[in-house]
Structure formats: C-alpha cells, structure tokens
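An overview of the molecular structure
Below, each chain spelled out in residue letters.
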Amino acid sequence: MPDENPPPFREGVHWASVQDVFAGGVNDHQFHRANSSGSRVTYREKRPWQHLYGRKRWLSLRDRHLDERPLCEYCLRREVVEPATIVDHIKPHKGDEELFYDAGNLQSLCKRCHDSDKRLEESGKTVIAFGPDGWPI
Ligand SMILES: [Zn+2]
C-alpha cells in the first residue's frame, strides 16, 4: 500500500536532522580542540615561575634530593617501593623563591603519584590511600 509510506518531505527532514547531528558533532569536536589549546595557554600564563625549573640552583637541589630520597614518598606510605623521578614542592611555592629552594619543602614522587594524587590534592580533593592492611592511611 503506497499510501502508508511516509511522504517524501519527511525523509528530507529526517536526513537534514542526521546531517545536523553530524555537523554538531564535528563542531563539538572542534570546540573541544580549540578549548584545550586555549587552556594550555592559560596554564602557562598561570605559572610565570616555570623558568625557575630551568635554573642550575634548582637542578642541583633536585638532583641532591633524589640522591637522598630516591623512592616515591606517596608509594612508600602504601609500602610500595617505586623509584621517584619528580621532586615536588609540598607547599605550592607560586613563584616564591624562598619556598621554591627550601629543601624542607620538597618530596620525591613517582610520575604516577605526582600526576594523579598530587593534582587531586591541589584541586582541593581528598585523596584516600590504602595501606597494605587495607585500612586508609
Ligand atoms: Zn608513587
């Protein structure tokens, strides 16, 4: 029965909406790409002290700290032995050179702990770590 078929204009509407969704998806993707490169710029602008990390004084302090404490301190709390590759400032220095070069303000971390736990802490979230006995540390 040809009368039961949808009228041709309906198919047109349907196709147009599919195209809209597709176009919307592409635009959304482009938006996210533009947005993420935008926040990289903001990140750099927010950290004008980044150049301090290239200074000899920092590099030797960093090396000395890793020599003295070669293991990740977060992992050690979980009784996991993991070599540290990053020297982290316990208290954010925000460009304050006294805090930046304060050996007492440093901790050795592995990349995984630095990129996960530490970042969560800095964004104000509580990180619950569990010891080998299953209890939170
Ligand atoms: Zn670690």
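Up top you'll find the structure we're talking about.
What counts and how
Residues numbered from 1 in each chain as written. Predicted model: local features only at pLDDT ≥ 70, side-chain atom pairs only at ≥ 80, totals over all residues. Helix = DSSP H or I, 4+ residues; strand = E, 2+ residues; numbered from the N terminus. Buried ≥ 20, exposed ≤ 12 C-beta atoms within 10 Å, placed from the backbone. Contact = placed C-beta atoms within 7 Å. Expected span 1.5 Å × (residues − 1).

Looking at the overall build of the protein
In terms of helices and strands, the protein carries five helices and two strands. What you see in the protein, going N to C, is helices and strands ordered as α-α-α-β-α-β-α. Taking all 137 residues of the protein together, the buried fraction comes to 7%. Within the protein, contacts between residues separated by at least 24 positions form 52% of all contacts whose residues are at least 6 apart in sequence.

Details of unusual backbone geometry
The phi angle at Glu79 is positive, at roughly 60°, despite the residue not being glycine. Note that Glu79 resides in the loop between helix H3 (73-77) and strand S1 (86-89). Of note in the backbone geometry, Lys94 takes a positive phi value of approximately 45° without being a glycine. Relative to the helices and strands, Lys94 is located in the loop between S1 and helix H4 (97-100).

Considerations on the environment of Arg77
Tracing the backbone shows Arg77 in helix H3. Linking Arg77 and Gly131, residues 54 residues apart in sequence, is a C-alpha distance of 7.0 Å. Those residues in contact with Arg77 that lie beyond four places of it in its chain are Ala129 and Ile137.

Regarding helix H2 (residues 56-68)
Here H2 contains 13 residues, and its C-alpha end-to-end distance of 18 Å stays within 8% of the 18 Å for a straight helix at 1.5 Å per residue. Taken across its 13 residues, H2 has zero buried, putting it largely on the surface.

Some remarks on the environment of Asp133
Here Asp133 lies in the segment after helix H5 (111-122). Spatially, the C-alpha atom of Asp133 lies 9.2 Å from that of Arg78, the residues being 55 residues apart in sequence.

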